[in-house]
Structure formats: structure tokens, C-alpha cells
Amino acid sequence: LLPLSGRRLPPLNLGASAFPHHRATLRLSEKFILLLILSAFITLCFGAFFFLPDSSKHKRFDLGLEDVLIPHVDTSKGGKNLGGFLIHGQGGHDEHRHREEEERLRNKIRADHEKALEEAKEKLKKSRDEIQAEIQTEKNKVMQELKKKDSKPLPPVPLPNLIGINSGEPADPDIREKRNKVKEMMKHAWDNYRQYGWGHNELKPIARKGHSTNIFGNSQMGATIVDALDTLYIMGLHDEFREGQEWIDKNLDFSVNSEVSVFEVNIRFIGGLLAAYYLSGQEVFKIKAVQLAGKLLPAFNTPTGIPWAMVNLKSGVGRNWGWASAGSSILAEFGTLHMEFVHLSYLTGDPVYYNKVMHIRKLLQKMDRPNGLYPNYLNPRTGRWGQHHTSVGGLGDSFYEYLLKAWLMSDKMDTEARKMYDDAIEAIEKHLIRKSNGGLTFIGEWKNGHLERKMGHLTCFAGGMFALGADGSRDDKAGHYLQLGAEIAHTCHESYDRTTLKLGPEAFKFDGGVEAVAVRQNEKYYILRPEVIETYWYMWRFTHDPKYRQWGWEATQAIDKYCRVSGGFSGVKDVYSSSPTYDDVQQSFFLAETLKYLYLLFSNDDLLPLDNWVFNTEAHPLPVLHLANTTLSGNPAYR
Ligand code: DMJ
């Protein structure tokens, strides 16, 4: 076969001049050779007639800039396709038809070109705004398509036992009244956010406009809506819940060029969406949670698998906080993903989330721990600890909380997590927990071999954690841990009680004659945090000692008196001042946690019982997964 673009063999010239010197003296042998050559030539011509490709079997279109060669493989009209060779039975007729076809196509292409040219001319006549509007419409169409693709249904998974989604209404009229007061405060916070900050992450209740911080990146992701959903649901604020659901359905979009905190997005958004899904059964929450989780996964693309603190939701590029020791990731951030990620694997049947958090756990288990303590900083490139600071407050807190809760939410099957928790708590008790001269138990911070006798408001959550972990503790020290929880609750209550506003400072000292009091001006603020009330609630559930309800009520009144403004609730800058100034931020965790824990404190225990629900670190309740007789990776949901 001769390729069309290939070189043809030079033709054989057998005319009169082919053998001039032999013409006169042709002998018999020469005649014979001549005859042989002649017959070979005839055979060659004959063969060529049958086997050379016919140029009419290819269509060639001249399209100006490019040549397009279309092999003709029409087997429908009497031709036979024999492994790439086409043999026609209708010669002339076919050629005519091909020419017509060629002509028709040429005309069509010409017409298309002209049409495109006309359209381009029309476009140029339009104004810049019109063109931009058209581009936007096209973009929207593409987005809609992508959304449709994203919202494909997830595989059905049997829901765990959802016990205790009821009103929890207390019989005692006094307690009922207190509970109603908390509900009214929630309504005030929500309504003002609804009016002045809708769609923004948070609210500025005095300026009456939206507010955001760098943890949510530069986008309006409606953090308050997502964080507040389950609180609205359990309070029976169903119209508000539906408004929130509608906003999420229509507006919550994660394909944004925005760099967010992996930890904050996980605990507030994924936790909030999952809890809303379990409570209400509305698929949209599950779908959004899974979409968002997919956007967080690129954060784990580090040399060690320890995720970056921040990730750009669009590009997937991650990095760490500039202030963190030696480019480290933070223990309380990468160590507070487990609950949500296990639920994501449970609900999707995709092990990817489970594997990510288990990988972190395995890595931590292999590492040396100074004095048995986990430092707050870990470098995700080298896998080595940064500064040897350990804290049960900021930077460390919820890592310990999630070890315990991993065990609880696995229906106590994940004994590895329980062991890690027990080991960590033993080291914390030995090195960080002390009694002040005045008899207050406090948890200090370990900094390069030295104990700082200071406790943060954040650390106060640990009272509740010790009580929650009492049952099942090593050497059956349940009584000891319940007692420890009570002592921390008492200390934290003191930190509130020793202020003018009866609200707790951000950090307080046990040093130089000072006990449970903030010393530095920049530690005197209260930003509507939940941790002290969280501990009151756990202690109430485990002891039913009425003092916890009493302390919770004191805090409720103080918040209502000093933090309430006509546009919502605001943090205050100095809890020791009788004329405090506001920070003008209504934090989303005020609706997610502070008001929820207060509401639960004045509800019956059968509302979200702790045997069946585990609260994530943002107070979003997730059901216990009863995976008895199976390992997590062996569960069908994980295959
Ligand atoms: C919340 O976002 C969570 O409780 C987190 O674990 C730490 N602190 C804030 C509220 O204070």
C-alpha cells in the first residue's frame, strides 16, 4: 500500500530507448530474459490494479487552514469493508454521490463560518455590561450543571438509633420558665442576625451588619446559620430552622476562592450539617456536609498526612498559620477531626475520611512524648514536634476531648482511643493539675519544662470531659474523675464569681496572691464563650446537684444583662469593669453552644441522652454508632 503522502516508486520505462545497445543483436537468451521481465511487469500491473488504494475511496476537503481526511467506510450501500479495504460495486454512481456530499458539506461549513462571524459582529456591538451579563448567565448555567452533578444522591445507609429527639420539657414551672428565657434569648440572637447579618458569617450587633474573621476566609458562608441549626431544632423553633435550611439549600456554595480554617470549618460546618441531618432527616444537610468535606481533603496532602491548618476551598492549596511554631500544624486542630470524619465515612460508605483521621492517630502513637505529654505543635513536613508547649486549653483542648469521644461514639468499641485518652489524662494530672493555696484545683500550661499557673476560659471545658470519661476509666477511678470534674467546675465558677459582671475572663492566674482572677488587661474579656456552662451541664447530667442549675442561671442572667443589646448579643471587653465596652461581635458559637448547653441544663435528661448522643466540640450532637462485633474498617459502610 502506498500512503498518500508517501513517495511513489519511479515508473518502469520499457519503451524503445530502454535497451538501445541490445536492439540489433537480440539473442535467444536475451529474448528469454526480456520475456521474463515483460511477464514480471504484467504481473505487477495486474496486482496493482487490484491492490492499490483507490483515491476515490478518500474524501479530501479543503477547509482553508486545515486538510481533513475522512476515510470512507460506508458498508451500507453495496460496499464491503474488508478489514480496512473498501471494495465498491457501483463505481461511477458512488463517485457522483461523493461529489454531491462533498459539496453539501463545504456549503454547510461555509454557512457555519458566516454565522459565527455575524454573531461575533453582533457581540461587539453590545455594551461591556451586556457582554458581562451574558458571560455571567453562561457561568451560572455551568454552576447549575456542576451543582446538579454534585447533588447526586448518596448511597442509603441505615441510620443509627436516634433516641431522644423530643421536647425534654421539665415539669417544674420554675425550670420551665428558665428554659423559656434561654429560648427567648436564642430568638433575639437569631432574629437580629436574620435582619442585619443574613448570609454573613456572624453579626455585629451594635453596628447592625455582617461580620467575619479569617477562620472563614473571605467568603460569606452563613456560619451562624449552619452553627445554629440544631439549637433551633431542639428548641422547637421550626420556622427559623426551615429558613436556615432554605438558605443552605439555595446559597451555601463551597466552590469559592477562599482560604478557611480546616478545624473551624470541620467543627462548625460539617459538625453542624451532620447534626442537622441526623435530627431532621433532611438529605440536603448530608449532601452539603459531604461536598464540603471533599473540599477539605486536599489539606491532607502533606509529606506526613498531618493536614495544613488552612486550605483554599477552590485551589486546594494548604498552608499553616504564620504564628505557629516552626511552620507547625496545631494539635487541637488536626486532632479534632475524628468524630465528623468517621460519620462521613459511615454515611457515604467511602473510607477516605476514616483513613485520613486514623492515619493521624497512628502517626501520633509512634511519636515520643516528653513526660507523656503531647506538645501543641507538630510540623507536617518533618513529622517532628515544634515547641514543647502543652495545654488543655487553647491549641490542645479538643484533641483530648476527641480521644474520649471517639471511644464513646464507637459504642465503646474503639478501645485504642480510650487508651490514648487514659494515658494522656494520667500525664496531664501528674504534670499540669495543681491546687492553689486557696484550695482551687486548676490546670496549668506546660512551657519548655516549666508550669505556668494560668488557666484559660477554654480549659474550663475539661471539667465536663473528666465527668464524661469517668465511667470506663482505668483502674475504675470513676469517682476520682467525677470529683476532678466537680473541682474544675468549682474553680471556673469562681473565675466568674470574682468579677464585677459575673462573667468569666479569658484567662486567670493562680500566682502571687491571685486566685482565679485575670491580671493582664488583654485577658479580661468575655466573648460569649460556652466552656464553663458546658461543664455545668455535664456535671448536672451526672450528679443532678442543683448548684449546677443555679450557676447556669447566674450566667444566663449575667449574659442577658451585660451582653444583650437591641441588635443581638455582644462580647464585653472587661468583666471587672462596671461600665463595660462591647466588642460588637455575636459569635456563631454563642448560638451553637452557649445557648444550647443552657437550654439542655434546664431540660429533662431524656432530650439527647448521653448514652446515645456524643456532642462534638462545637456542641453539635452526633449519634453513637453501634458497630458492635465489627471493626470500623470491616463494617460494610466502610468498604
Ligand atoms: C468553639 O468554637 C469550640 O468549642 C472550640 O472547641 C473551642 N472554642 C470555641 C468557643 O469558645
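For the chain, an unreviewed UniProt entry supplies the name alpha-1,2-Mannosidase and the organism Regulus satrapa. What UniProt records for the chain under Sequence similarities (unreviewed entry) is the sentence "Belongs to the glycosyl hydrolase 47 family."

### A closer look at the sheet that holds strand 19 (residues 514-517)
Strand order in the open sheet made by the three strands is 17-18-19, with antiparallel pairing throughout. Pairing within the sheet leaves two strands with one partner each, and these edge strands are strand 17 (454-456) and strand 19. Strand-to-strand twist of the sheet, defined as the mean angle between neighbouring strand axes without regard to direction, takes the value 15 degrees. Where strand 18 (residues 507-511) and strand 19 come together, three bridges link them in antiparallel fashion. Its bridge partner being in strand 19, aspartate 511 is matched across the sheet by valine 514. Its contacts with the sheet put helix 15 (residues 478-497) on strand 17, strand 18 and strand 19, and the angle it makes with strand 18 is roughly 105 degrees.

### Points about empty space enclosed by the protein
The tally for this structure, following the rule as stated, stands at six cavities of 30 Å³ or more. A volume near 140 Å³ is recorded for the largest cavity. Taken together, Phe334, Gly335, His338, Val357, Ile360, Arg361, Leu364, Phe399, Tyr402, Leu403, Ala406 and Met420 make up the full set of residues lining the largest cavity. Residue assignment for the lining of the largest cavity shows that the elements contributing at least two residues are helix 11 (352-366) and helix 12 (397-409). Looking at the lining of the largest cavity, its residues break down into nine nonpolar, two polar and one charged.

### A closer look at the layout of surface pockets
In this structure, the largest pocket encloses a volume near 1200 Å³. Lining the largest pocket are 46 residues; nearest its centre among them are Gly394, Leu395, Leu458, Glu506 and Arg529. Elements supplying a minimum of two residues to the lining of the largest pocket: helix 7 (262-280), helix 9 (331-334), strand 12 (389-390), helix 12, strand 15 (445-447), strand 17, helix 16 (531-543) and helix 18 (588-601). The biggest single contributor to the lining of the largest pocket is helix 7, with four residues. Class assignment for the residues of the lining of the largest pocket results in 15 nonpolar, 14 polar and 17 charged.

### Some points on the side chain of lysine 286
Locating lysine 286 in the fold gives a position in helix 8 (residues 283-296). Beyond its immediate chain neighbours, meaning those up to four positions away, lysine 286 contacts Leu154, Pro155, Tyr277 and Leu347.

### Observations concerning the pattern of salt bridges
Using the criterion set out here, one finds 39 salt bridges in the structure. When the shortest N-O distance is used, the salt bridge between aspartate 230 and lysine 596 registers 2.9 Å. A residue pair is termed long-range when its members are at least 10 positions apart, and aspartate 230 in helix 5 (residues 223-234) and lysine 596 in helix 18 qualify at 366 residues. In this structure, aspartate 230 and lysine 596 share a single accessibility class: buried. The partner of arginine 529 in a salt bridge is glutamate 506, with the nearest N and O atoms 2.9 Å apart. Of this pair, arginine 529 sits in the loop between strand 19 and helix 16 while glutamate 506 sits in the loop between helix 15 and strand 18, and the two are 23 residues apart along the sequence. Comparing arginine 529 with glutamate 506, the two get one shared label, buried. When salt bridges with common partners are traced through the structure, they connect Lys181, Glu184, Asp560 and Arg564 into a single cluster.

### A word on the state of the cysteines
Under the criterion given, the structure shown has one disulfide. Residue cysteine 460 pairs covalently with cysteine 492 via a disulfide, S to S 2.0 Å. Handedness here is read from the sign of the S-S torsion; for cysteine 460 and cysteine 492, about -95 degrees, the answer is left-handed. Taken together, the residues span a long stretch of sequence, with cysteine 460 in the loop between strand 17 and helix 14 (461-470) and cysteine 492 in helix 15 at a distance of 32 residues. We classify cysteine 460 as buried; its relative accessible area is 0%.

### Quick look at the site of the ligand
Taken together, Ile267, Arg268, Leu458, Arg529, Pro530, Glu531, Phe589, Glu593, Thr617 and Glu618 make up the full set of residues near the ligand. Contact distances for the ligand include 2.6 Å between an oxygen atom and a side-chain N or O atom of glutamate 531. In a pocket analysis with a 2 Å cut-off to the grid points, the ligand is assigned to the largest pocket. Along the lines of polarity and charge, the residues of the shell around the ligand split into four nonpolar, one polar and five charged.

### Brief notes about unusual backbone geometry
For aspartate 475, which is not glycine, the phi dihedral falls at a positive 55 degrees. If you trace the backbone, aspartate 475 turns up in the loop between helix 14 and helix 15. With a relative accessible area of 63%, aspartate 475 lands in the exposed category. Positive phi outside glycine occurs at aspartate 476, with the angle close to 50 degrees.

### What about helix 14?
With ten of ten residues buried, helix 14 is to be regarded as a mostly interior element. Within the span of helix 14, buried status applies to Phe461, Ala462, Gly463, Gly464, Met465, Phe466, Ala467, Leu468, Gly469 and Ala470. Where helix 14 is buried, its residues contact helix 12, helix 13 (415-431), strand 13 (433-435), strand 14 (441-443), helix 15 and helix 16. Two residues or fewer past helix 14, glycine 472 is found with a positive phi of approximately 95 degrees.

### Focus on the packing of aromatic side chains
Under the criterion given, the structure shown has 26 aromatic pairs. When the centroid spacing of 5.7 Å and the interplanar angle of 65 degrees are considered together, the rings of phenylalanine 241 and phenylalanine 285 count as edge-to-face. Linking phenylalanine 241 in helix 6 (residues 238-251) with phenylalanine 285 in helix 8, this pair joins segments that are 44 residues apart in sequence. Centre to centre, the rings of tyrosine 536 and tryptophan 551 are 5.5 Å apart; their planes meet at 55 degrees, and the pair counts as tilted. Residue tyrosine 536 is located in helix 16, and its partner tryptophan 551 is located in helix 17 (residues 547-562); the two are separated by 15 residues in the primary sequence. Look at tyrosine 536 and you get buried, because its relative accessible area is 1%. Among the residues examined, tryptophan 551 registers a relative accessible area of 10% and is labelled buried. In textbook terms, an aromatic cluster arises when at least three aromatic residues are bridged by ring pairs, as seen for Tyr374, Trp385, Phe399 and Tyr400. Across from the ring centre of tryptophan 198, 4.2 Å away, lies the NZ or CZ of arginine 194, which sits over that ring.

Cut-off values and rules
- Residues numbered from 1 in each chain as written.
- Predicted model: local features only at pLDDT ≥ 70, side-chain atom pairs only at ≥ 80, totals over all residues.
- Heavy atoms only, no water.
- UniProt positions renumbered as here; feature names shortened; annotations may be inferred.
- Pairing = 2+ DSSP bridges.
- Helix = DSSP H or I, 4+ residues; strand = E, 2+ residues; numbered from the N terminus.
- Axes fitted to C-alpha atoms, helices over the stretch in contact; angles between N-to-C directions.
- Contact = heavy atoms within 4.5 Å.
- 1 Å grid on protein atoms, 1.4 Å probe; cavity = no way out; pocket = protein on both sides within 12 Å on 5 of 7 lines; lining within 4 Å.
- Points joined across faces, edges and corners; volume = space filled by probe spheres on them.
- Nonpolar A, V, L, I, M, F, W, Y, C, P; charged D, E, K, R; others polar.
- Salt bridge = Lys/Arg side-chain N within 4 Å of Asp/Glu carboxyl O.
- Buried < 20%, exposed > 50% of the residue type's maximum accessible area, 1.4 Å probe, protein only.
- Disulfide = S-S within 2.5 Å.
- Near = heavy atom within 4 Å.
- Polar contact = N/O pair within 3.5 Å; in protein donor to acceptor, adjacent residues only side chain to side chain.
- Sits in = over half its atoms within 2 Å of the grid points.
- Phe/Tyr/Trp six-rings, centres within 6.5 Å; stacked < 30°, edge-to-face > 60°.
- Lys NZ or Arg CZ within 6 Å of the ring centre and 35° of its normal.

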